[in-house]
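# Structure assessment
Single-letter residue listing:
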Amino acid sequence: MKSRPLGSTGLHVSELALGSLYTSSLGGGVEESRRILTAAREAGINYIDTAPAYGDSEATLGEAWDGQQDAFVLSTKLGGRPQPFDPQDAAALRGSVEESLRLLKRETIDILMIHEPDRPLQYPWWTSYEPYAGPVLEVIDALKSEGKIKHTGLGGTTVSEMTHLIRSGLFDVVLTAFNFNILFREAAAELIPEARSRGMGIVIGSVLGQGGLGRRYDDAVRERPNWMSHDRQQQLLRLYALLDQLDGMPLAELGVRWALSQEEPSSILIGPKTVEQLESSVVAAERGSLPEDVLRELDEIAAMLPNRPFEEPMILPLGKDYRGPAMANVGAAVKVGKL
């Protein structure tokens, strides 16, 4: 497994890394997570990302390490614990980090990220936006001076808001999800160049769209569910036709190899539920970058729909009984002063 520098942190991380939503009871629990960790280490994977909001992932990893906890570069996050969560409570934020250390059986956290710093209706982190201010910044500065964390980061899913946070110069690493893969390239225009210009480590999450780009859904796409735009349908059909030309290459392999063909990311997160899923991603990585003609074709396919349709969910609900968006709460949010 090749490694890349994590920005200016001095750390080197494997090109593939473990996103740990499913190294938890949401996946195979402690036993399967133990198998995944052992297989990952044997494959040369040395970076794991988790979070308090990922179910019991921290506790599961702590039980599954079997003495391997210091063999991995580790990132976890602030956000969602304790409940009810108050991001303005400095003592609770510090307590959350102490709990992460206890659960993970670690003395230090390599990268502590602020989870969803770009979604104030989810977690209202900031007391000021110009400049950014809030108790979380004081807490992470104190933890860094105490040696309990080494580096700081951002973990989010928007583009404009995250780019603005990157410009603050306060953070070492950015984890961006759902906006840099074979179809969705929103992060490429501004977020990734800004992070790179500041020497930040760049971690990419959800390169397979949490399933929507992990396998083919030929029948569903041809039938075109009510949420799917005509342009998205034509784009997916052309993508599937490309796979046919590539002797039926699995869509997951295409997605992983596309991501590893890009020079900007430091690491690409995969979220295997089983050892077999991990091994398939490792095999894809070993097959190397995609040929230039395939990369050009994928660029053309992505350009067919450069911006997501307004009504389309962030995670393509292919294979799911999804009928349309939930209630629009913009008026209510404005009324209470949250927008």
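Structure: see above.
Residues numbered from 1 in each chain as written. Predicted model: local features only at pLDDT ≥ 70, side-chain atom pairs only at ≥ 80, totals over all residues. Heavy atoms only, no water.

### Thoughts on the environment of P87
Here is the rule: Put simply, DSSP marks the helices as runs of H or I at least four residues long and the strands as runs of E at least two long, and each gets a number from the N terminus on. Under the scheme applied here, a residue whose accessible area is under 20% of the maximum for its type counts as buried, over 50% as exposed, and between as partly exposed, the area being computed with a 1.4 Å probe on protein chains only. Two residues qualify as a contact provided that any one of their heavy atoms is within 4.5 Å of a heavy atom in the partner residue.
Tracing the backbone shows P87 in the loop between strand 5 (73–78) and helix 3 (90–104). Residue classification places P87 among the buried residues on the basis of a relative accessible area of 2%. Taking the C-alpha atoms as reference points, P87 and Y123, separated by 36 residues in sequence, lie 6.7 Å from one another. Each residue touching P87, except ones within four places of it in the same chain, is listed here: L93, Y123, P124, W125 and P135.

### A look at the environment of A40
If you trace the backbone, A40 turns up in helix 1 (residues 29–43). Along the backbone, A40 and V275 are 235 residues apart, and their C-alpha atoms lie at a distance of 8.6 Å. Beyond its immediate stretch of four places on either side in the chain, A40 contacts L18, I45 and L278.

### Things to note about the packing of helix 2 (residues 57–64) against helix 3
Put simply, the test is: The axes used here are C-alpha line fits, helices contributing only the stretch in contact, and every angle between their N-to-C directions lies in the interval 0 to 180 degrees. Side-chain classes are defined by residue name, with Ala, Val, Leu, Ile, Met, Phe, Trp, Tyr, Cys and Pro counting as nonpolar, Asp, Glu, Lys and Arg as charged, and the others, Gly among them, as polar.
Their axes nearest at 7 Å, the elements helix 2 and helix 3 cross at an angle of 35 degrees. Residue-level inspection shows E58, A59, L61 and G62 of helix 2 in contact with helix 3, the latter providing S100, L103 and L104. Here the contact of helix 2 with helix 3 is built from residues that sort into 4 nonpolar, 2 polar and 1 charged.

### A closer look at the side chain of N179
Inspection of the secondary structure puts N179 in the loop between strand 10 (173–177) and helix 6 (186–189). Take N179: its relative accessible area is 1%, and that puts it in the buried class. Excluding anything up to four places from it in sequence, N179 contacts T157, T158, V159, F184, R185, E186, A187 and R308.

### As for the packing of aromatic side chains
The geometry of an aromatic ring pair is captured by the separation of the ring centres together with the interplanar angle, meaning the angle of the planes. Quick reminder of the rule: Two aromatic rings from Phe, Tyr or Trp, using only the six-membered ring of Trp, form a pair when their centres are within 6.5 Å; if the ring planes differ by under 30 degrees the pair is stacked, by over 60 it is edge-to-face, and anything between is tilted. Any Lys NZ or Arg CZ that is within 6 Å of a ring centre and within 35 degrees of that ring's normal is treated as a charge sitting over the ring.
Considering all chains together, one arrives at 7 aromatic pairs under this definition. Ring geometry for F85 versus W125: centroids 5.6 Å apart, planes at 70 degrees, classification edge-to-face. Of this pair, F85 sits in the loop between strand 5 and helix 3 while W125 sits in the loop between strand 6 (109–115) and strand 7 (128–129), placing them 40 residues apart in sequence. For the pair F85 and W125, a shared accessibility class is recorded, and that class is buried. Taken together through their ring pairs, the aromatic side chains of F85, Y123 and W125 make up a single cluster. In this structure, K273 packs its charged tip against the face of Y22, placed 4.7 Å from the ring centre. For the cation-ring pair, R308 lies above F184, with the distance from its terminal atom to the ring centre recorded as 4.1 Å.

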